[in-house]
Amino acid sequence: MSVIVVCGATATGKSELAISIARHFDAEIINADSMQIYRGMDIGTAKLTVEERQGVPHHLLDVLDVNQDSTVAWYQSVARAAITDIQSRGKRAVIVGGTGLYIKSILDELNFPDTDPGVRESLEKELESIGLNALFERLEKLDPAAAIAIDRANSRRVIRALEVIAITGKPFTANLPRAASTRYPDAQQFGLVMDREKLGERISTRVDRMWEAGFVDEVDALLKAGITDARTAQLALGYSQIIAFRNGLMSQDEAREDTKRATRQYARRQETWFSRDARITWISPVQPRLERVLAHLEKINLP
RNA sequence: GGUCGGGUGGCCGAGAGGCGAGGCAAGGGACUGCAAAUCCCUCUACACGGGUUCAAAUCCCGUCCCGACCU
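I will try to describe carefully the structure that is included in this document.

Looking at the overall build of chain A
For step 1, the next point in the chain: Counting its secondary structure elements, chain A contains 12 helices and 6 strands.
For step 2, the next point in the chain: Projecting the C-alpha coordinates of chain A onto the three principal axes gives extents of approximately 55 × 50 × 35 Å.
For step 3, the next point in the chain: Per-residue burial over chain A gives 34% buried out of 303 residues.

Brief notes about the sheet that holds strand β2 (residues 28–31)
Two orientations exist for strands paired in a sheet by backbone hydrogen bonds: parallel and antiparallel.
For step 1, the next point in the chain: Taken together, the 6 strands give an open sheet; going across it, the order is β3-β2-β4-β1-β5-β6, and neighbouring strands pair in parallel fashion. The sheet is open, and its two borders are formed by β3 (58–59) and β6 (280–283), each paired with just one other strand.
For step 2, the next point in the chain: One ladder, built from 5 bridges, connects strand β1 (residues 4–8) with strand β5 (residues 188–192); its direction is parallel. Within β5, the residue paired with V6 across the bridge is F190.

Some details on the protein's contact with RNA strand B
For step 1, the next point in the chain: Inspection of the region around RNA strand B gives 47 residues, with S34, T45, A73, F112 and L237 positioned closest.
For step 2, the next point in the chain: Counting residues per element, the ones that place at least two in the surface near RNA strand B are α2 (72–88), α7 (155–168) and α11 (252–275).
For step 3, the next point in the chain: Among the elements that line the surface near RNA strand B, the one with the most residues is α11, at 9 residues.
For step 4, the next point in the chain: Residues of the surface near RNA strand B, tallied by class, amount to 17 nonpolar, 16 polar and 14 charged.

A closer look at the environment of A73
For step 1, the next point in the chain: Secondary-structure assignment places A73 in helix α2.
For step 2, the next point in the chain: Residue classification places A73 among the partly exposed residues on the basis of 14 C-beta atoms within 10 Å.
For step 3, the next point in the chain: Sequence-wise, A73 and F112 are 39 residues apart; in three dimensions their C-alpha atoms are separated by 6.1 Å.

Things to note about the packing of helix α5 (residues 132–142) against α7
For step 1, the next point in the chain: Contact pair α5 / α7: the axes reach a minimum separation of 10 Å and the direction vectors enclose 45 degrees. Between α5 and α7, the crossing angle belongs to the class labelled oblique. Crossing angle aside, the handedness with which α5 passes α7 is left-handed. Contacts between α5 and α7 involve L132, L135, F136, R138, L139 and L142 on the former and, on the latter, S155, V158, A161, L162 and I165.
For step 2, the next point in the chain: In terms of residue class, the contact of α5 with α7 is made up of 9 nonpolar, 1 polar and 1 charged.

Reading guide: rules and limits
- Residues numbered from 1 in each chain as written.
- Chains lettered and ligands numbered in written order.
- Predicted model: local features only at pLDDT ≥ 70, side-chain atom pairs only at ≥ 80, totals over all residues.
- Helix = DSSP H or I, 4+ residues; strand = E, 2+ residues; numbered from the N terminus.
- Buried ≥ 20, exposed ≤ 12 C-beta atoms within 10 Å, placed from the backbone.
- Pairing = 2+ DSSP bridges.
- Near = placed C-beta within 6 Å.
- Nonpolar A, V, L, I, M, F, W, Y, C, P; charged D, E, K, R; others polar.
- Axes fitted to C-alpha atoms, helices over the stretch in contact; angles between N-to-C directions.
- Parallel < 35°, antiparallel > 145°, perpendicular 65-115°, else oblique.
- Left-handed = near helix turned anticlockwise from the far one by under 90°.
- Contact = placed C-beta atoms within 7 Å.

Interpretation note: all reported values are geometric properties and have no functional meaning in isolation.
And the structure:
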C-alpha cells in the first residue's frame, strides 16, 4: 500500500491536513519533523495535542529526550521500520513534516556511511588547530569531486566528507548512488504552499500565541531536563532564542522577535528545498485541501 | 535669532579627496549522520543646489531638515 506524504513550509497547516487524510484512509501518521521527535517540545514545535490528533496513531513523535542527539541516519531506519510495521498490519502510512532531508531519507535511496565518534572528534580538533582551509585542501586531494560539490566555508560538510573517507577508505562521492532511485516509487507527495506575506503574518501570530501559551516555561523545564547537553534540540527555533534570553544574551522581547524572523527565514529554506522535488503535487490554501488530495489520488488510482 | 554637532542604500553603521567598509533585514540558491542545522550569491548609498579640483560622500558657499546649547 503506497504511502502519502504531506510536506511544505512551516505554519502552512500540514498537521491538520494529515489528520484528515489519515482519518479518511484509517491510516497512521509518521512524523517527519526533526524537532517534534522530542518529548516536551510541544508549544514551540506547534505539536498537535492528543485531542487534535483525533485518535490517529502517531509514530516518531515524542520518542527522544531533549538530551539525546538525533540524526538522519537514525531517523531513516526507525521511520522505515515504522512504515513496514504499519503496512504489515494492512494500514496506510501518512508521512507529515517539514524536514526535507528526513522525508528524502525515507523515500529515496540515501545510504549514510557510518560515523565514528573518534574520527569525528579528531577532525573537529583539527578544525580548531589547523583551520578549515587546510581541511578543505586535504579534501581536494582525497576527493576532488566532493571538493567541487562542497562549499569551502561549510565546515560541517567538509568534516563529514573527510570522516566518510577516513572510515570507508573510499572517496566521499563514491558512497553516493550514481542515479537517483526511489525506495517507495508509488509514494504520493503533497506540498502546501502559501503566499510569502501571508505566511509571514501567520508565523508572527503563531509565535505570539506560543509565548502566551507558556513557551518560556516550557523551555525552562527543558533546561532542567538537559536540553543543552546534546546538540540537536537546543538549536530549535524559539528554543535557542529563549535559551539565549535565559543566558542574558538578549531580552525576552528580542527573543520573540528573533524567533519570528528566524522562522520566516526557515520557511524560505524549506520552500527552496521542496521546490526542487518535481514529484510533489502542490496545493494552495485557497483550495479545499482534503478534497484536492482525494481528487488527485482518485485520478491516479492510488494503489 | 545665535553657536556648535549632524544628515550615508529598507535599517544600523564606518569612512574624511582617487578600485562602491561592514553588519542586519530582504530576495535567490545549495543540501546524503547536528538539517528548525550549515553554507553560498545578489541588493551601487552618501539631504538639496552651486563651486574648487584631473578627481568630491569626503574641501568651500548657500538652502532645507534633525539634535544640543546660548540669548
